[in-house]
Amino acid sequence: RQRNVRKLSAIFDAVSDPDNAKYGQFLSLAEVAALTAPSQEHISTAVHFLRGLGCRDASTTRHGDFVSGTVTVGDVRSAFPGVRFGYYEHQLSGTTVVRATRRMALPPAVVDATDVVSGLWDVPLMADHLRSTSVVPVSPAGS
């Protein structure tokens with residue numbers, strides 16, 4: 001979970017206000033990362049959770065603000081009995097993704113350590129010229 005989000009918002013307001021003494025004194029990406037980086041405890045919680053799902057590639061981004069990893073549909077099904085997955089296809093681009101057909105409840109410690117979980121039920125963004133068409137379910141996903 002990112003830290004100091006309110007403080008970052010206050011800094012944003014200050015550096016964006018021509019009447020503020022800090023106007024134009026923007027933070028660098030490294031300064032924003034240092035201010036908002038999750039605690040080591042939260043990073044460890046997320047990595048431990050992913051590894052518990054069978055993830056072998058859990059890692060943090062360069063600035064330490066995201067933890068990512070890959071798990072199989074079968075591993076997620078084992079951890080969350082009853083969850084179902086389906087293939088969804090963008091009608092124009094032909095892009096196909098596997099996504100959960102409903103949300104699942106994460107353990108409380110993981111909820112407390114995260115701001116967002118992606119790749120389970122979200123749909124990838126498409127280029128502007130493709131957004132007018134829809135993403136439709138095409139079949140259930142295997143394990």
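Coordinates for the structure precede this section.
Residues numbered from 1 in each chain as written. Predicted model: local features only at pLDDT ≥ 70, side-chain atom pairs only at ≥ 80, totals over all residues. Heavy atoms only, no water.

### Re the overall build of the protein
Thinking step 1. When you go through the protein residue by residue, the secondary structure sums to five helices and five strands.
Thinking step 2. When the helices and strands of the protein are placed in sequence order, the string is α-α-α-β-β-α-β-β-α-β.
Thinking step 3. Counting over 143 residues, the protein shows a buried share of 26%.
Thinking step 4. For the protein, contacts bridging at least 24 residues in sequence account for 51% of all contacts bridging at least 6. (Helix = DSSP H or I, 4+ residues; strand = E, 2+ residues; numbered from the N terminus. Buried < 20%, exposed > 50% of the residue type's maximum accessible area, 1.4 Å probe, protein only. Contact = heavy atoms within 4.5 Å.)

### Points about the nonpolar core
Thinking step 1. In terms of nonpolar packing, the biggest core is built from 12 residues, these being Phe49, Leu53, Val73, Val76, Phe80, Val83, Phe85, Ala100, Met104, Leu106, Val110 and Leu120.
Thinking step 2. Core analysis: the next-biggest nonpolar cluster, separate from the first, contains five residues, Val47, Leu50, Cys55 and Ala58 among them. (Core = buried A, V, L, I, M, F, W, Y, C linked by side-chain atoms within 4.5 Å.)

### Some thoughts on unusual backbone geometry
Thinking step 1. We note that Asn4 has phi near 60 degrees; this positive angle belongs to a residue other than glycine.
Thinking step 2. Here Asn4 is to be found in the segment before α1 (5-16).

### Section: helix α2 (residues 29-36)
Thinking step 1. Among the residues of α2, Ala33, Leu35 and Thr36 are the ones counted as buried. Summarising the axial view, the buried residues of α2 lie within an arc of 165 degrees, below the 170-degree limit, and thus occupy one face.
Thinking step 2. Where α2 is buried, its residues meet α1. (Arc of directions from axis to C-beta.)

### Comments concerning the packing of aromatic side chains
Thinking step 1. For the coordinates displayed, the defined rule picks out one aromatic pair.
Thinking step 2. With a centroid separation of 6.5 Å and 65 degrees between ring planes, the pair formed by Phe49 and Phe80 is classed as edge-to-face. Of the two residues, Phe49 is situated in helix α3 (residues 40-52) and Phe80 in the loop between α4 (73-79) and β3 (85-90); the sequence distance between them amounts to 31 residues.
Thinking step 3. Look at Phe49 and you get buried, because its relative accessible area is 18%. (Phe/Tyr/Trp six-rings, centres within 6.5 Å; stacked < 30°, edge-to-face > 60°.)

### Focus: the environment of Pro81
Thinking step 1. Checked against the element boundaries, Pro81 lands in the loop between α4 and β3.
Thinking step 2. Residues Pro81 and Met104, 23 residues apart in the sequence, show an inter-C-alpha distance of 9.7 Å.

### Focus on the environment of Val76
Thinking step 1. For Val76, the location among the structural elements is in helix α4.
Thinking step 2. Residues Val76 and Leu53 lie 23 residues apart in sequence; the distance between their C-alpha atoms is 6.5 Å.
Thinking step 3. Sequence-distant contacts of Val76, defined by excluding residues within four places in its chain, comprise Val71, Val83, Phe85, Met104 and Leu120.

### Side note on the environment of Arg103
Thinking step 1. Within the secondary structure layout, Arg103 lies in the loop between β4 (96-100) and α5 (108-113).
Thinking step 2. Its relative accessible area of 61% is what places Arg103 among the exposed residues.
Thinking step 3. Distance in space between the C-alpha atoms of Arg103 and Arg84 is 9.6 Å, their sequence separation being 19 residues.

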